[in-house]
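Coordinate inspection notes
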Amino acid sequence: MGVCASSHSPTTKKTTTTTTRASSKKGDGVRALESFRRPSAIMVIDVDGGIKEYKKPIQARLVVSENPTCFLCNSESMYIGTCMPRVPDEEELLPGRIYFLVPLSHSDNPLSLPLLCDLAVKASSALARPNGTTNRASVQRRQMEMFNHSLFSLAVLAIFLVLAHETRPATAQEPAPPSPLPAAAREFLEAHNQARAAVGVEPLNWSEKLANATSLLVRYQRNKMGCQFANLTTSKYGGNQLMASTVAVTPRVAVEEWVKEKDFYIHGNNSCVSNHECGVYTQVVWRKSTELGCGQATCVKEKASLIICFYDPPGNVIGESPY
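Fair warning: this is a prediction, and the values are worked out from it, not measured in the lab. (Residues numbered from 1 in each chain as written. Predicted model: local features only at pLDDT ≥ 70, side-chain atom pairs only at ≥ 80, totals over all residues. Heavy atoms only, no water.)

Quick word on the packing of aromatic side chains
Overall, the coordinates contain 3 aromatic pairs when judged by the stated rule. Aromatic pair tyrosine 237 and phenylalanine 310: ring centres 5.5 Å apart, planes at 35 degrees, arrangement tilted. Of this pair, tyrosine 237 sits in the loop between helix H5 (208-224) and strand E9 (238-244) while phenylalanine 310 sits in strand E13 (residues 304-312), and the two are 73 residues apart along the sequence. Residue classification places tyrosine 237 among the buried residues on the basis of a relative accessible area of 9%. (Phe/Tyr/Trp six-rings, centres within 6.5 Å; stacked < 30°, edge-to-face > 60°. Helix = DSSP H or I, 4+ residues; strand = E, 2+ residues; numbered from the N terminus. Buried < 20%, exposed > 50% of the residue type's maximum accessible area, 1.4 Å probe, protein only.)

Side note on the pairing of strand E7 (residues 98-103)
The buried fraction of E7 is high, at 5 of 6 residues. Bridging between strand E5 (residues 70-74) and E7 involves 5 bridges; their strand directions are antiparallel. Bridge assignment links asparagine 74 to a residue of E7, and that residue is tyrosine 99. (Pairing = 2+ DSSP bridges.)

Concerning the environment of asparagine 240
Tracing the chain through its elements places asparagine 240 in strand E9. Residue asparagine 240 is classed as buried on the basis of its relative accessible area, which comes to 0%. Spatially, the C-alpha atom of asparagine 240 lies 5.3 Å from that of cysteine 309, the residues being 69 residues apart in sequence. Within polar-contact distance, the side chain of asparagine 240 engages the side chain of tyrosine 311 at 3.2 Å. (Polar contact = N/O pair within 3.5 Å; in protein donor to acceptor, adjacent residues only side chain to side chain.)

Description of the pattern of salt bridges
Applying the stated criterion to the full structure yields 6 salt bridges. One salt bridge in this structure joins lysine 260 and glutamate 257, with 2.8 Å as the shortest N-O distance. The exposure class of glutamate 257 is buried, given its relative accessible area of 12%. A salt bridge links glutamate 320 to lysine 288; the shortest N-O distance between them is 3.4 Å. Placement of glutamate 320 in the segment after E13 and of lysine 288 in the loop between helix H7 (279-284) and strand E12 (291-299) is noted, with a sequence separation of 32 residues between them. (Salt bridge = Lys/Arg side-chain N within 4 Å of Asp/Glu carboxyl O.)

Thoughts on the nonpolar core
Counting 28 residues, the largest nonpolar core has Phe188, Trp206, Trp258, Leu292, Ile307, Cys309 and Tyr311 as its most contacted members. Broken down by element, the residue count for this core peaks at 5 residues, all from helix H4 (residues 183-197). In contact with isoleucine 307, not counting residues within four places along its chain, are Phe188, Asn240, Gln241, Leu242, Val249, Thr250, Ala254, Trp258, Gly295 and Gln296. The next biggest cluster of nonpolar side chains, apart from the first, holds 15 residues, and it includes Met43, Ile80, Leu111 and Ala123. (Core = buried A, V, L, I, M, F, W, Y, C linked by side-chain atoms within 4.5 Å. Contact = heavy atoms within 4.5 Å.)

Describing the packing of H4 against helix H6 (residues 251-259)
Contact pair H4 / H6: the axes reach a minimum separation of 8 Å and the direction vectors enclose 25 degrees. Between H4 and H6, the angle is such that the two are roughly parallel. Classified by chirality, the crossing of H6 by H4 is right-handed. On H6, the residues that touch Ala184, Glu187, Phe188, Glu190, Ala191, His192, Gln194 and Ala195 of H4 are Pro251, Arg252, Val255, Trp258 and Val259. Here the contact of H4 with H6 is built from residues that sort into 8 nonpolar, 2 polar and 3 charged. (Axes fitted to C-alpha atoms, helices over the stretch in contact; angles between N-to-C directions. Parallel < 35°, antiparallel > 145°, perpendicular 65-115°, else oblique. Left-handed = near helix turned anticlockwise from the far one by under 90°. Nonpolar A, V, L, I, M, F, W, Y, C, P; charged D, E, K, R; others polar.)

Side note on H4
Compared with an ideal rise of 1.5 Å per residue, which puts 15 residues at 21 Å, H4 spans 21 Å between its outermost C-alpha atoms and is within 8% of the ideal. All of the buried residues in H4 are Ala185, Phe188, Leu189, Ala191, His192, Asn193, Ala195 and Arg196. Buried-residue contacts for H4 involve strand E8 (205-206), H6, H7, E12 and E13. (Expected span 1.5 Å × (residues − 1).)

Details of H5
Helix length check: H5 (17 residues) gives 24 Å between terminal C-alpha atoms against 24 Å at 1.5 Å per residue, within 8%. Listing the buried residues of H5 in full gives Leu210, Ala211, Thr214, Val218 and Gln221. Looking straight down H5, one finds its buried side chains confined to an arc of 95 degrees; they lie on one side. When the buried face of H5 is taken as reference, the exposed residues oriented beyond 90 degrees from it are Lys209, Leu216, Asn223 and Lys224. Of the surrounding secondary structure, the elements contacted by the buried residues of H5 are E8, E12 and E13. (Arc of directions from axis to C-beta.)

Spelled out as structure tokens, the structure:
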């Protein structure tokens, strides 16, 4: 059928083998902050966690003018993974809403969980502090708001737990599934793994790195070396080669040619039958080899085919058994 050759790196050359040389979006995302029961006043929480209450509607620009390094954001318009929208200067703040004064440095950045957490803690702390009122009704109202906002804080924490497990940043992408192997690669791999399974050895994995290396090598041998075997004595990989006097050899047929040498391998003493070679077979089933890559070239002028497979780690180590 053809000529076979097995090669080994210099440090693993086996003397019994002769090598033949010829995000979430606003509107469909998770609401970041949500109050269960609205307070009766407008509440504005600043960057230091201070709180200011307004009993009547007030324009946003008047609040921002006292804090020129910040912008005003409505807590009910904040969504994880999206930029926090500014309250327009002429818009009136409404009773029953909580607003945050956020540093301008955050105006173009998507709202993150750490920042949301920081705002929630500040809101909770601010609402828990007394505001200096002595009117009994005001104190009772404040206590009720504290209770309601404690629930609000717990709700935020619950949302955090859900988001931590279920959301992804807007720019994150799920890893793409691996591309299916070409038909030739599958055939090389299946034929190898069938031979390995027959002797109880784990299957090989296909390596694009090894496949690319062998593809370059067979093309060089075809174009520059008359389709002769490559010299693999300095290769860091294990290698099997097949040259067939036909222009069409399938990957399976090539591997089956190598596996035919099984008849000449004596596992009991880890040697080849006298006057026969078995190194290409032992490389196919070498237990410590885990990756495979193969290349094939058709040599029209020579009316031949050349196939080379690389194995990593290399097999045929002196003194070791393949399985």
